[in-house]
Amino acid sequence: MSRKVCIVGGATTPFDYGPTGFESIEGGAAECIRETRKDIPEFSMRDIDLMIYSHFSVHFGHQLCSEWIIHDHLGLVGVPHYRVENGGNTGGSALYAAALAVMSGHHDVVGVVGWETMDSVSQSQGSEFIAMASDIRYELMVGGIYPIYYAAMANKWMKDNNVTEEDVATISAKNRNNAMDNPKAQWYRNEHKYITVEDVMNSRLISYPIKKYDCCLMSRGVAFVLVCSEEYAKKVNPDGYVTIDGMGLSSCTIRAGDRLNFPGWTERYGPGYPEMTEFGACRNAADRAYKMAGIENPLKEIDFGEIHDAFSTSEAQIYKALYLTDENNIAQFLRDKTTHMYGEIPMNPGGGLMGYGHPVGATGLMSMIECFYQLSGMIPKKHLSKKTEVPDPECGIVNSHAGTGTSISNFIIRRV
Amino acid sequence: MNETVVLKKKEGIVKKPIFTEKKSYRPVNVKETGLAFIGHEISDDGNAMNQFLHYDQLYTIRHGWNSKFFIGLLEGKIWGTRCPKCGDTWVPVRTHCWNLDCNLEKTEWVEMPLNAKVHTWTIAGWSGRSSLKRLPIILVYAVIGESKVAIANELHGVKPWNVEFDMPLKIVFKPKEDRIGVVTDFHFEPADGWESSPTNKEKERIKELVEPVYRWVKTLE
């Protein structure tokens with residue numbers, strides 16, 4: 001890396017479906033920055049020399065170039081800006097772009113604002129809009145929504161790895177229950193209850209083996225992350241900044257069925273990988289991030305993670321793609337609750353997409369913010385208790401994920 | 001690929017397709033109104049306002065070099081493509097080879113057999129607005145003939161709990177008059193002679209999950 005990249009602050013609005021209390025996107029962005037300024041008062045709006053906007057869908061936003069509305073509302077005329085879009089990995093990709101800008105030396109202080117307003121249409125219409133990120137010529141009218149594609153992938157993955165419905169249901173319950181300690185989380189603000197594996201098993205069928213509680217939430221929300229050089233970080237948040245020590249971005253096919261036998265994967269990982277069941281782009285992005293950060297044993301060297309639990313099954317698939325476990329041990333890894341708060345590597349202490357919510361353009365940023373809060377010791381201030389605070393963490397992983405695993409980014413974040 | 005549609009600006013030759021076979025199956029109550037604010041609501045405390053924007057847009061999906069596949073569906077055929085260099089074959093089609101060593105070699109059309117094998121499957125109990133009344137739906141990713149990839153489509157002719165990995169399938173087209181040149185013009189059915197395996201714990205679990213779906217769909221009538 002030519003120049004160290006740091007994160008010094010960030011905040012989200014509450015995530016919700018319907019009223020959040022910050023219902024205009026530009027108002028939400030302003031409030032996220034005001035909260036960040038409370039945490040790091042030395043940060044001034046005048047310091048920002050680039051803004052990157054993270055927004056997935058104009059179908060939800062009902063406004064082309066809605067970043068222009070936010071940008072001038074923030075008083076930033078004259079500051080360069082552009083929008084990044086990369087499906088569910090929009091947030092991760094925007095952070096990647098911000099890190100590259102700082103790494104190159106061309107920019108010092110980069111603000112990243114992400115948002116989605118998925119409640120501007122009904123939930124079933126929203127599901128169809130998201131499905132327009134599949135190849136609509138072949139897949140929109142067969143299946144029609146993303147959970148069905150994911151379920152088909154997960155069904156075979158679970159058989160191949162001897163993982164049961166109950167095993168992945170532990171993840172659904174874990175993330176929602178973690179969100180009960182997080183006042184901005186959609187689960188806390190709405191259903192507001194602790195759930196069990198049995199509740200997950202009894203929730204309605206979405207697409208076998210995925211039930212309602214195995215799925216993430218459709219949300220409205222805005223998030224802000226401040227990415228900067230180390231020189232700036234030492235100036236505004238000398239005791240609390242974190243560094244992006246590794247990052248990787250990778251890609252896979254838009255149609256899940258096309259990743260069987262894909263030459264680009266065969267030459268990297270040998271025949272039979274990623275099949276239709278593994279997230280090759282996640283593994284490849286992890287390879288890049290681990291190499292950059294010098295991680296050799298991720299389970300031992302990473303203390304916790306905020307990862308893309310669009311479905312409970314995909315969180316389990318991600319564990320494997322990140323080399324936290326393998327096909328011989330994944331079932332026991334889940335049964336041992338290795339990723340629960342008291343486990344070896346807690347995952348999604350902030351609630352994840354199933355608990356906190358999934359306003360697409362804001363989601364990867366939310367994951368990064370939760371990771372930052374853990375590493376900078378801010379959880380007791382941001383959550384309701386210390387229950388979801390990872391004890392003395394030094395290294396976290398942030399994972400953002402698009403399509404059926406079509407674009408995936410991983411970041412290794414360390415406390416200084 | 002059809003070279004005649006390539007734009008050759010220098011010679012001033014542009015062979016534009018002339019569309020003579022036109023069909024419309026648009027529901028009569030769908031109208032393009034363009035962008036319009038069509039209503040609003042205000043909260044009882046006067047602090048919040050919602051406005052309703054209606055936006056209805058007709059898109060033209062130009063299939064271009066992929067057209068043969070979709071025209072083939074109207075004719076009850078499954079067309080795939082094959083790389084003349086490495087021999088890889090695909091449905092869904094690729095107009096250029098995916099193998100980097102083939103340097104985007106243009107592919108050739110091959111008619112595929114009307115049989116396939118289940119690679120993976122799921123049973124949908126929820127779907128997009130346009131599919132709710134057809135639930136539960138068995139969706140399979142299946143490999144047609146010697147294709148290197150799997151294609152998604154529905155499996156009919158079997159109870160949801162009886163679908164199996166690797167089961168042999170046949171491709172069945174809708175009656176000719178009902179086809180519209182989209183992938184749902186065909187579906188999969190179990191190959192002739194295939195029989196489901198005896199009931200087991202997983203089949204019982206799937207039954208338990210889909211029975212409420214059948215009941216719920218009846219309420220949509």
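No experiment lies behind these values; they were computed from the predicted model shown.

Draft legend 1. Summary view of the nonpolar core. Within the largest apolar cluster, 106 residues are counted, with the highest numbers of intra-cluster contacts made by B:Ile78, B:Val140 and B:Phe188. Considering every element that reaches this core, the biggest residue donor is helix H6 (residues 146-161) of chain A, with 9 residues.

Draft legend 2. Region of the structure containing the interface of chain A and chain B. The interface of chain A with chain B comprises 38 residues on the first partner and 44 residues on the second. It is A:Arg137, A:Tyr138 and A:Tyr208 that lose the most area in chain A upon contact with chain B, and together they represent 18% of the buried surface on that side. Remark: the boundary between chain A and chain B carries 3 salt bridges. At the boundary of chain A and chain B, one finds 17 residue pairs in polar contact (both at pLDDT 80 or more). At the level of secondary structure, the elements contributing two or more residues to the side of chain A that touches chain B comprise helix H5 (123-131), H6 and strand S5 (205-207) of chain A. When the residues that make up the side of chain A that touches chain B are grouped by side-chain class, the tally is 18 nonpolar, 9 polar and 11 charged.

Draft legend 3. Structural context of the packing of aromatic side chains. Taken as a whole, this structure holds 24 aromatic pairs over all chains when the rule is applied. Centroid distance A:Trp187 to A:Tyr213: 5.7 Å. Interplanar angle 90°. Geometry classified as edge-to-face. Linking A:Trp187 in helix H8 (residues 186-189) with A:Tyr213 in the loop between strand S6 (210-211) and strand S7 (220-229), this pair joins segments that are 26 residues apart in sequence. Take A:Tyr213: its relative accessible area is 13%, and that puts it in the buried class. For the ring pair B:Phe173 and B:Phe186, a centre distance of 5.8 Å and an interplane angle of 50° mean the geometry is tilted. Taken together, the residues span a long stretch of sequence, with B:Phe173 in strand S9 (residues 168-173) and B:Phe186 in strand S10 (residues 186-190) at a distance of 13 residues. Among the aromatic residues, those joined into a ring-pair cluster are A:Tyr146, A:Tyr149, A:Tyr150, A:Phe279 and A:Phe311.

Parameters at a glance
Residues numbered from 1 in each chain as written. Chains lettered and ligands numbered in written order. Predicted model: local features only at pLDDT ≥ 70, side-chain atom pairs only at ≥ 80, totals over all residues. Heavy atoms only, no water. Core = buried A, V, L, I, M, F, W, Y, C linked by side-chain atoms within 4.5 Å. Buried < 20%, exposed > 50% of the residue type's maximum accessible area, 1.4 Å probe, protein only. Helix = DSSP H or I, 4+ residues; strand = E, 2+ residues; numbered from the N terminus. Contact = heavy atoms within 4.5 Å. Buried area = accessible area lost by both parts, 1.4 Å probe. Salt bridge = Lys/Arg side-chain N within 4 Å of Asp/Glu carboxyl O. Polar contact = N/O pair within 3.5 Å; in protein donor to acceptor, adjacent residues only side chain to side chain. Nonpolar A, V, L, I, M, F, W, Y, C, P; charged D, E, K, R; others polar. Phe/Tyr/Trp six-rings, centres within 6.5 Å; stacked < 30°, edge-to-face > 60°.

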